[in-house]
Amino acid sequence: MFDLTSLVRPNIRAMKPYSSARDEFQGEAHVMLDANENSLGSAGPELFNRYPDPLQRAVKAELAQVKKVAENQIFLGNGSDEAIDLLVRLVCVPGQDKILILPPTYGMYEVAANLNDVALERLPLTADFQLSPETVQQVVASDAKIVFLCSPNNPTGNLLHAAAIEEILRGFRGLVVVDEAYADFAAAPSWTTRLAEFPNLVVLQTFSKAWGLAGLRLGMAFASPDVIGYLNKIKPPYNVSEATQQHALAALRDAPHFEQMREALLRGRDELAAALPKLEIVEHVFPSDANFLLARFRPDATAVYDYLVARGIIVRNRTTQPGCAGTLRLTVGTPQENEQLLVALQEYK
Ligand SMILES: *Cc1c(COP(=O)(O)O)cnc(C)c1O
């Protein structure tokens, strides 16, 4: 059985969180002399002299509508990479506990584990980048504190089968983190729709991909109010800047632009997925539910990679990743960029 209280590190259960000035007084007052801010104003063209809302209430109110979750099921971080790091720190005692990953997958889970002196258990995905029934059983039996499931998976682009994820949610004793950075491009409902069923579920999403705001650094975690409460307890007090909060609000109110970009990227993905297999050097294009395609090149993917770099086109060489020999990861770009990529690959000799 899943028990959050016993999963959380004892020192975190016991600690008193930092209480910021903005935690102790919220709202508007005539004279704000509690936070050692500069009441005169700001250097630079815009006013940012006041600390931001530590709990980003305005953004969460808007986001709750868009994502159809409650505000207390949302954590916002400085990129979803911050949520990954905080989740590891929340439940893993350094030098003692471990997390579970399923390679090939996103590299930050391993970095967060290494940074926090937390061990890694690796159970590889199958050749078509799914969880075998044996692997599901091994996950369920593991005493790791977190399993990271990336779906759609980076760098492979596929969704993990929902039945396998569900079996893990039912059997695994730690936190099940489903990283949905690419959910907006996927033909499947988000796992946020299942939060009420699974107290051990944490869903990660981000403004960095479909929203087109990678430079802002804003990531989301969706989970039970208890998990969210712990993340808020341990986060840096002002982890999301005022500029980011204002910009995120404007973005959320500009849903038509988001939708229009999302659809254009999906069209670009379909066009690339149709054109690439016609090239002699492309051996296989893996199916994708993301804004990129993983393709296997012959006879030498790294030679193709170097050739593209020389033509000023940068893709991601994934040749050394487990199960990804001979592959490059191609992000869907503008129609012109996609065309340039295809022309360059056609001219490869
Ligand atoms: C891009 C990506 C993220 C996003 O990270 P941010 O810190 O929010 O930019 C998270 N997970 C995966 C799998 C990604 O590919």
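Residues numbered from 1 in each chain as written. Predicted model: local features only at pLDDT ≥ 70, side-chain atom pairs only at ≥ 80, totals over all residues. Heavy atoms only, no water.

(A) How the structure looks around helix α4 (residues 57-67). Along α4, the positions that sit buried rather than exposed are Val59, Lys60, Leu63, Ala64 and Lys67. End-on view of α4: buried residues confined to an arc of 135 degrees, all on one side of the axis. For α4, the elements touching its buried residues are β1 (74-77), β6 (201-206), β7 (219-222), α9 (225-234) and α10 (242-252). Looking one or two residues past α4, Lys68 carries a phi angle of roughly 55 degrees, positive in sign. (Buried < 20%, exposed > 50% of the residue type's maximum accessible area, 1.4 Å probe, protein only. Helix = DSSP H or I, 4+ residues; strand = E, 2+ residues; numbered from the N terminus. Arc of directions from axis to C-beta. Contact = heavy atoms within 4.5 Å.)

(B) Structural view of the pattern of salt bridges. Going through the model one piece at a time under the given rule, you end up with 15 salt bridges. A salt bridge links Glu37 to Arg50, with the shortest nitrogen-to-oxygen separation between them at 2.6 Å. With Glu37 in the loop between α3 (21-24) and α4 and Arg50 in the loop between α3 and α4, this pair connects stretches of sequence that are 13 residues apart. On the accessibility criterion, Glu37 (16% relative accessible area) is buried. What makes Arg50 partly exposed here is its relative accessible area of 32%. As a salt-bridge pair, Glu259 and Arg262 come within 2.9 Å of each other at their nearest N and O atoms. A residue pair is termed a helical-turn pair when its members lie 3 or 4 positions apart in one helix, as Glu259 and Arg262 do in helix α11 (residues 255-275) at 3 residues. (Salt bridge = Lys/Arg side-chain N within 4 Å of Asp/Glu carboxyl O.)

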